[in-house]
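Tertiary structure, described
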Amino acid sequence: MKIGILGGTFDPIHFGHIRPALEVQQQLALDEVWLMPNHIPPHKNGTHVSTDDRLAMAQAVCEAFPPLKLCAIEALRESPSYTVTTLQELKLQYPQHEFYFLMGMDSFLGLQSWYQWQALFELCHLVVCQRPGSNMSVEHPMHTVLEKHQSALITPIETESIEASIATNSGQIFLVSITEQPFSSTQVRADLYQGLTIKDALPVCIQLYIKQHQLYAPKARNSSQKS
C-alpha cells in the first residue's frame, strides 16, 4: 500500500490540514493518508490541550473522511518525536508499505535543520505541498537536493505517470500544487478564545468535540494540559 503521512500538533486539527491531505491522496493515488499527532514535538514548547484530546479530534476527522487514518505512534512516545526515528519504526512495523511524507514548502526549505534529515530519503518519498505559482529560488541550498531527487516530479500528476516513475520505494520528491487554505491553528485558537465563529475552519465533528469538552475557551485555558 502507498501511505501518506501528515504529522503535526493538530492543536486543533482544521481544514488547513485536512483538505491538503485529501488533495495529495487523490493526486498521488495514495491508498491512505495517516494523520500522526505529535506528543512532544522537538520544535515547540508544548500544546494547548492534552494529547488525548488531540488524538480524539484526529480520530473524529478520520471517521468523517475515510481516506484518512489515525497513526498514534508519536503520540504514545514519551520522548521528543523526530521524523527519522518515527519512519524507521514504521518501516519495521509495515515493511510492505511505501511511505510518502507530506510537508509544506516552508518545511522543505528548512529541512537541513532536521535531525538526520538525509536519512529520510532512505525511508520514504517526500511530498512537498506548494501553493500554485510558488517556486523555489535556484540559489536556495535545498534546490540542489530537489534536483537530485526530482525524478518523480510531475505536474499535473497522473496515476499512470506516477506508477511508471517510481523505481524504488523511497528517495523521491513529489511537488504537488494544493489549494491554499486561509487557516492556522494559532488563529483558530485565538478565534475560539474570543468566542468568534470558526465554522469555515473546522469540520462539524471538531466543532462539536471542542464545544463538548470546552477546549480553547477562556475558562479552559488555565486548566489545559501541556502534553
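**Points about the packing of helix α2 (residues 51–64) against helix α8 (residues 204–213)**
The axes of two packed helices give the description: the angle between them and the distance between them. One can describe the packing of α2 onto α8 by two numbers: an axis separation of 9 Å at closest approach and a directional angle of 150 degrees. Classified by the interaxial angle, the pair formed by α2 and α8 is roughly antiparallel. Both α2 and α8 take part in a crossing whose hand is right-handed. Taken together, the residues of α8 that come into contact with α2 (itself represented by D52, D53, A56, M57, A60, V61 and A64) are C205, I206, Y209, I210 and H213.

**Observations concerning the packing of aromatic side chains**
Evaluated as defined, the whole model comprises six aromatic pairs. A centroid spacing of 5.2 Å and a plane angle of 70 degrees characterise the contact between W34 and Y94, whose relative ring orientation is edge-to-face. Taken together, the residues span a long stretch of sequence, with W34 in strand β2 (residues 32–37) and Y94 in the loop between α3 (83–93) and β4 (98–104) at a distance of 60 residues. Judged by relative accessible area, W34 falls into the buried class, the value being 8%. Ring centres of W117 and F121 lie 6.5 Å apart, and the angle between their planes is 75 degrees; on these two criteria the pair is classed as edge-to-face. For the pair shown, W117 and F121 are each scored as buried. Taken together, the ring pairs in this structure connect W34, Y94 and F99 into an aromatic cluster.

**Let's talk about the pattern of salt bridges**
Overall, the coordinates contain two salt bridges when judged by the stated rule. In this structure, the salt-bridge partner of D11 is R189, at a minimum N-O distance of 3.8 Å. Of this pair, D11 sits in the loop between β1 (2–8) and α1 (15–27) while R189 sits in helix α7 (residues 185–193), placing them 178 residues apart in sequence. Across the pair, exposure class does not vary: D11 and R189 are buried alike.

**Some thoughts on the sheet that holds strand β6 (residues 173–177)**
Reading across from one edge, β3-β2-β1-β4-β5-β6 is the order of the six strands in this open sheet, with parallel pairing throughout. The sheet is open, and its two borders are formed by β3 (68–70) and β6, each paired with just one other strand. The sheet shows a mean angle of 30 degrees between the axes of neighbouring strands, taken without regard to direction. Pairing of β4 with strand β5 (residues 125–130) involves five bridges; the strand directions are parallel. Looking across to β5, one finds that L102 is bridged to V127.

**Points about the nonpolar core**
The biggest cluster of nonpolar side chains holds 35 residues, and the ones touching the most others in it are V24, M57, L68 and V127. Every element with two or more residues in this core is listed here: α1, β2, α2, β4, β5, β6, α7 and α8. Tallying contributions element by element places α1 first for this core, with five residues. Setting aside its immediate chain neighbours within four residues, V127 contacts V24, L28, Y100, F101, L102, M103, F174 and V176.

**Digging into the side chain of R77**
When you line up the elements, R77 lands in the loop between β3 and α3. Within the local environment of R77, its side chain forms a polar contact with the side chain of T86, the two groups lying 3.0 Å apart. Reaching out from R77, the side chain makes a polar contact with the side chain of E89 at a distance of 3.2 Å. Residues in contact with R77, not counting those within four places in the same chain, are H39, Y82, T85, T86 and E89.

**Observations concerning the environment of E78**
Tracing the sequence through the fold places E78 in the loop between β3 and α3. On the basis of relative accessibility, which here comes to 66%, the residue E78 falls in the exposed class. Taking the C-alpha atoms as reference points, E78 and H39, 39 residues apart in sequence, are found 7.4 Å from one another.

Definitions and cut-offs
Residues numbered from 1 in each chain as written. Predicted model: local features only at pLDDT ≥ 70, side-chain atom pairs only at ≥ 80, totals over all residues. Heavy atoms only, no water. Axes fitted to C-alpha atoms, helices over the stretch in contact; angles between N-to-C directions. Helix = DSSP H or I, 4+ residues; strand = E, 2+ residues; numbered from the N terminus. Parallel < 35°, antiparallel > 145°, perpendicular 65-115°, else oblique. Left-handed = near helix turned anticlockwise from the far one by under 90°. Contact = heavy atoms within 4.5 Å. Phe/Tyr/Trp six-rings, centres within 6.5 Å; stacked < 30°, edge-to-face > 60°. Buried < 20%, exposed > 50% of the residue type's maximum accessible area, 1.4 Å probe, protein only. Salt bridge = Lys/Arg side-chain N within 4 Å of Asp/Glu carboxyl O. Pairing = 2+ DSSP bridges. Core = buried A, V, L, I, M, F, W, Y, C linked by side-chain atoms within 4.5 Å. Polar contact = N/O pair within 3.5 Å; in protein donor to acceptor, adjacent residues only side chain to side chain.

Take it as geometry only, folks, not as evidence of what the structure does.
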